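Read off the chains here:
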Amino acid sequence: MDVIVCVKQIPDPETPAAAFKVDEAAMQVLPAQGISPVISPFDAQAVEAALRIKDASGDGTVNIISLGPDSARDAIKHSLAMGADEGYHLKDDAFEGGDAWTIALALSKAIQHLGVPDVLIFGRQAADWDQGTVGSIVAELLDLPSATVLRAVELSGDSITVSRVVADGFENIELSTPCVLTISNEFGDPRYPQLRQIMQAARKQVTELTAADLGLDASEVGSAGSRIQMHALFQPTSDVEVEIIEGDSPEEKAAGLVNALREAKIL
Amino acid sequence: MTESAESKRKTSATSTGKRVSALAIPAWLPLGGILLVSGAETVRVTGAHRELFFNIDHFWVLYMLLPFVIGIIVYGLVRRSRVWRLGKPSFNFDNMPQRLARVLKGGAGTERVLSDPYSGVMHLCIMTSMIVLFLVTALLAIDDYIPVDILVGPRYLGYSLVADIFGLVGIVGVAMAIAHRWVRPRTAWLPTWEDWLILGGLGMLLVTGFIVEGLRIHTSEIDVHPEWSYWSPVGYVVALMFSGVRISAALDIHTTFWWIHMVGALSWITLLGYSKLNHLVLAPANAFLKRTSAPGKLDMIENIEEQEHFGVSQLEHFTMKQIFELDVCVRCGRCTDNCPADIAGQPLSPMHIIQDLKSYATSVGEQKVANLVQGNDLNFGLDDEAPMVGGVVRDESLWACRTCGACVEACPVFIEHVPTIVDMRRSLVMEEARMPDTVQGTLETLERQGHPWRGTPYTRESWMEGFEDQVPEWTGEQDYLYFVGCTGAFVDRAQEITRSVVSLLREADVSFGVIKGMESCNGDPARRLGHEYLYQILAEGLIELFNETGVNDEQKTVITHCPHCFNTFLNEYPDMGAKFQVIHHTQLLEQLVDEGRLVPSADVPEQTITYHDSCYLGRHNDIFEAPRRILEQVPNVTLIEMPRNREQGLCCGAGGGNMWMEEQGKSRVNEVRVEEAVATGAEAACTACPFCIQMFDSGIGTVQLDVEDEDKLKVLDVAELLQAAAVSERQADA
Ligand code: SF4
Ligand code: SF4
Ligand code: SF4
């Protein structure tokens, strides 16, 4: 079964808050010193899901697409080291400043360019902006069935059974292929690449594709084609106040705590 | 600078070892006395002698057997050497004087065997007895061959006496060895048929030897020359026991026992080629082969990108020395008895690792040799064998190792367990990518963030907050770079120690600086966890930073906060092109106190302190005294030791990357160690390693759960205590 996974390179979500800085004037996140960007964790899980599908079906390919600046290559290389077959890097200055819509547009063109596979997989959301829309937009653009926020994916003949995480439990669905899936963290940890695969991946060519290669005009993508406008970007501040509740006995302290919580409208 | 690890290590041979060797001398003194008396007796006994083959026909059979016996032994060893030679060649003859000294002291001198009083004496008895009896026998044969008779008269009688005494010493040794196995077994003990064959055989030889002697005296000496027979006291007693037996019958019994003794001796000696008796030859050889580098050093995988395999997953990936040393193990159990993981009831016993690999080398190794001989593929017919890593040696055993080196320190035959264990870890991580989640998380954090502290809320500069102007920036002009390291920067308890060190350095006006914000991990955690490739990438990056900032220069010294950084910089970075000098903060602080640049005069509260040796400072790099001398100089402090200290110190449990793992097993290593510290009655435990501090703090949480906070054991870095005593108020306030 052939699978394509779309991945994104993001600032490491483990970056401590203290190292996280925003340039409010330029409305940009400043990269933290000494911390390299990583593949979005949900996307790594998406690659894991794709590899398991390939293993279970016994044949097929897992190809990777990523849209982004030079550093996006690392996300592709990481996926290749995990065991994916080929990588495609959508790289063009015209893509810069885009929103979920322009990115989904470019990705869907690239997928058509490569040939629509049996399964298309995304992470449930990129762990930087956490919008979680690109997968669904691509499904719309390609007119494919989709299931989002999945904790399990299983092949059953030509169709695919999946389990969605919903607010009060799980929802099991069967989809026909081709289809679009987005993977949630409940799916489980992605594999750690073997050193030999890391080295092989390092040597592998990644194909670069520009907007023109995909038949897209610069006005359709990037900031020019964006449907979302950003008005401000800032770090919220939160103040912490500590109040020590006095009391002679534990009971008294507990009563004081309840009162304080009531006043704060928490109880 | 630190003295070369191994040379100093020798001078501080374990104290028990010294005690026992000292004991051994008085034990032999009475023997000398008896020999002297024998000198005075000479006149009365001129003419005393005996016939070599008294009462024996066809003794030439013995001489016929001898070449066979030697052949059988050599065949056994040479055959086995084919398995050793499956490994990769690894001959390294650097530092010959040190190697030879080790062969003499540790091999022939059995220095390390003596570090355990009971088995030390036991082994000494058996060994001296065997050597003396061998020489005695050889002398008798020589005497028979040469035309002049040496063994006559008083010389013969003195000779008889020596032989008798050492025969008895041997019996005592064998009895002690048997009792050891029955009465006082070690916790890790594995007596097998080999033990009983070797000991039983030797005991049998000694006893039959005395029977033969007694019968000879009974039949030919006691009536004619009774005064000669007193010189064979044991034989004399045996002769008395046979006194009722008719001479003709006694002669028959004599012949039978003589043959039993002689054929038994020749058969027994063939065990040299086929059992752990081979340690007679192999142990001194291993004393020679042991690396001369610091024991905590791990060797580089050169040209790692071009390797066909990473680490060791097959027997033939080991070096020849690593396979050879499996055969040297005598299953004494000392390594396991000293292993922190085993002590805490966790799934690791270094002795079993070595023994299991040895069995594997026997079964699978021999098959591989046969395949080579028959021109087959090396692994032909071995598909169904359990894998060596993951089957013969279990993953959880490999992960439980702290790389603390207690096993290596304890092993009387110089086996190096740690490189062997880490080599197998390397294959788990790099080859198979199979590891506990916590290890994977740590490695990923190291890769991405350049430090192992996943989820830390801090940045590299956090420890300086509000203190920044007190921390001089490294300019390349200062003498010392203070390398804070990841733990000193990212862990809040360790940040306090970092600040203490900085204020002490300022107090003493040391010319130093800190590379602010740009440091990255030196790679030690990746290396101990088995990710050699990641280690090399991180080390290359840091050396590049050191090159750019002028640190990598023979004139510059790096002060490390953490013993693990210290060990890596000192022993491992030279392989990566490092030229700078390295000093641990306790060493420098001790110098500063010594030079009077730090004066610990302030009144700190009266307290008893026990010092916990960090493995990577102590056992691996021989820094035992510097931190203790600092503590001794602080007023009002009384230093007491835990039973396991210095070379025998017990790891806190964090080493070998276990800082970032979940422990499996009955208890936690840090709890065991905290209990030992609490048992001394000390109010505080001092150490010099940020990992030890964390391990102690968390161990105290469980061990002293019910103790009031103010009565709990306090845990301090040596620097913190010194700061309290030696940093003036002005600066402390600033
Ligand atoms: S290095 Fe330490 S933890 Fe590892 S096997 Fe040896 S004694 Fe045990
Ligand atoms: S490895 Fe060394 S210490 Fe351990 S059992 Fe064998 S001989 Fe004894
Ligand atoms: S943390 Fe300390 S005691 Fe534990 S292994 Fe490291 S140096 Fe040894």
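Here the structure is a predicted model, which is why all the values come from computation and not from measurement.

## Digging into the domain arrangement of chain B
Residue and element names in this part refer to chain B.
Argument step 1. Each assigned domain of chain B is listed here: domain 1 (93-286), domain 2 (293-434), domain 3 (444-593) and domain 4 (598-733).
Argument step 2. Placing a centre on the C-alpha atoms of domain 2 and another on those of domain 4 gives a separation of 33 Å.
Argument step 3. On the domain 4 side, the residues contacting the 22 residues of domain 2 number 23 residues.
Argument step 4. Between domain 2 and domain 4, the buried area comes to about 1,700 Å², and carbon and sulfur atoms account for 53% of it.

## Focus on the interface of chain A and chain B
Argument step 1. Contacts between the two partners involve 20 residues from chain A and, on the opposite side, 28 residues from chain B.
Argument step 2. Taking both partners together, chain A and chain B bury about 1,900 Å²; carbon and sulfur atoms supply 51% of that area.
Argument step 3. When the buried surface of chain A facing chain B is broken down by residue, Tyr192, Leu195 and Arg196 of chain A rank first, second and third, together holding 37% of it.
Argument step 4. Counting the contacts that link chain A with chain B gives 2 salt bridges.
Argument step 5. Counting across the interface, chain A meets chain B through 9 residue pairs in polar contact (both at pLDDT 80 or more).
Argument step 6. With 3 residues, helix H5 (residues 195-203) of chain A is the single largest residue contributor to the side of chain A that touches chain B.
Argument step 7. Taken together, the residues of the side of chain A that touches chain B break down into 10 nonpolar, 5 polar and 5 charged.

## Structural notes on the sheet that holds strand E7 (residues 86-90) of chain A
Residue and element names in this part refer to chain A.
Argument step 1. The strand order E11-E10-E9-E12-E8-E1-E6-E7-E13 describes an open sheet built from 9 strands, whose pairing is mixed. Here the strands that pair on one side only, and so sit at the sheet edges, are strand E11 (169-175) and strand E13 (206-209). Between one strand axis and the next, the sheet turns by 30° as a mean value, whatever way the strands run.
Argument step 2. As paired elements, strand E9 (residues 146-156) and strand E12 (residues 179-183) share 3 bridges and run parallel to each other. Following the sheet pairing, Ser146 is matched in E12 by Val180.
Argument step 3. Along the sheet, helix H3 (residues 100-114) contacts strand E1 (3-7), strand E6 (62-67), E7, strand E8 (119-123) and E13; its crossing angle with E6, the most-contacted strand, is approximately 145°.
Argument step 4. Here helix H4 (residues 134-142) sits on the sheet and contacts E8, E9 and E12; the angle it forms with E8, its principal contact strand, is near 155°.

Thresholds applied
- Residues numbered from 1 in each chain as written.
- Chains lettered and ligands numbered in written order.
- Predicted model: local features only at pLDDT ≥ 70, side-chain atom pairs only at ≥ 80, totals over all residues.
- Heavy atoms only, no water.
- Domains from an automatic or database assignment.
- Contact = heavy atoms within 4.5 Å.
- Buried area = accessible area lost by both parts, 1.4 Å probe.
- Salt bridge = Lys/Arg side-chain N within 4 Å of Asp/Glu carboxyl O.
- Polar contact = N/O pair within 3.5 Å; in protein donor to acceptor, adjacent residues only side chain to side chain.
- Helix = DSSP H or I, 4+ residues; strand = E, 2+ residues; numbered from the N terminus.
- Nonpolar A, V, L, I, M, F, W, Y, C, P; charged D, E, K, R; others polar.
- Pairing = 2+ DSSP bridges.
- Axes fitted to C-alpha atoms, helices over the stretch in contact; angles between N-to-C directions.

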